[in-house]
Amino acid sequence: MSDAPTVVKCPTCQQPVVWGEVSPHRPFCSKRCQLIDLGEWASEEKAIPGAPDLSDDDLWSEGQHE
């Protein structure tokens, strides 16, 4: 097995980041990139796909689900 550290790309700026204690903001290269990513999630620029909300469906009504 190799003793070489694992290196990943920062999700924000694509800079190489060592995956270990030397990189406290991993997988990000810095606090700045970490906060940029958080802001994108908070403003809903990023989202995890899922099932649509039933209340947004035109066919949904409370009477059908009692």
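Just so you know, these numbers come straight off a predicted model, no measurement behind them.

A. Representation of the packing of aromatic side chains in the model. Applying the stated rule across the entire model yields 0 aromatic pairs. Just above the ring of W19 sits the side chain of R26; from NZ or CZ to the centre is 5.9 Å.

B. Looking closely at helix α1 (residues 31-42). Compared with the 16 Å implied by 1.5 Å per residue over 12 residues, the 16 Å span of α1 between its first and last C-alpha is a close match. Directly beyond the C-terminal end of α1, a positive phi value near 65 degrees is found at E44.

C. Structural view of the side chain of D37. The topology assignment puts D37 in helix α1. If we ignore the near neighbours within four places in the chain, the residues touching D37 are T12, F28 and K46.

D. Up close: the environment of F28. Looking at the secondary structure, you find F28 in the loop between β2 (16-18) and α1. In this structure the C-alpha to C-alpha distance between F28 and V17, which are 11 residues apart in sequence, comes to 7.0 Å. Not counting chain neighbours up to four residues away, the residues in contact with F28 comprise C10, P11, T12, V17, C33, Q34 and D37.

What counts as what
Residues numbered from 1 in each chain as written. Predicted model: local features only at pLDDT ≥ 70, side-chain atom pairs only at ≥ 80, totals over all residues. Heavy atoms only, no water. Phe/Tyr/Trp six-rings, centres within 6.5 Å; stacked < 30°, edge-to-face > 60°. Lys NZ or Arg CZ within 6 Å of the ring centre and 35° of its normal. Helix = DSSP H or I, 4+ residues; strand = E, 2+ residues; numbered from the N terminus. Expected span 1.5 Å × (residues − 1). Contact = heavy atoms within 4.5 Å.

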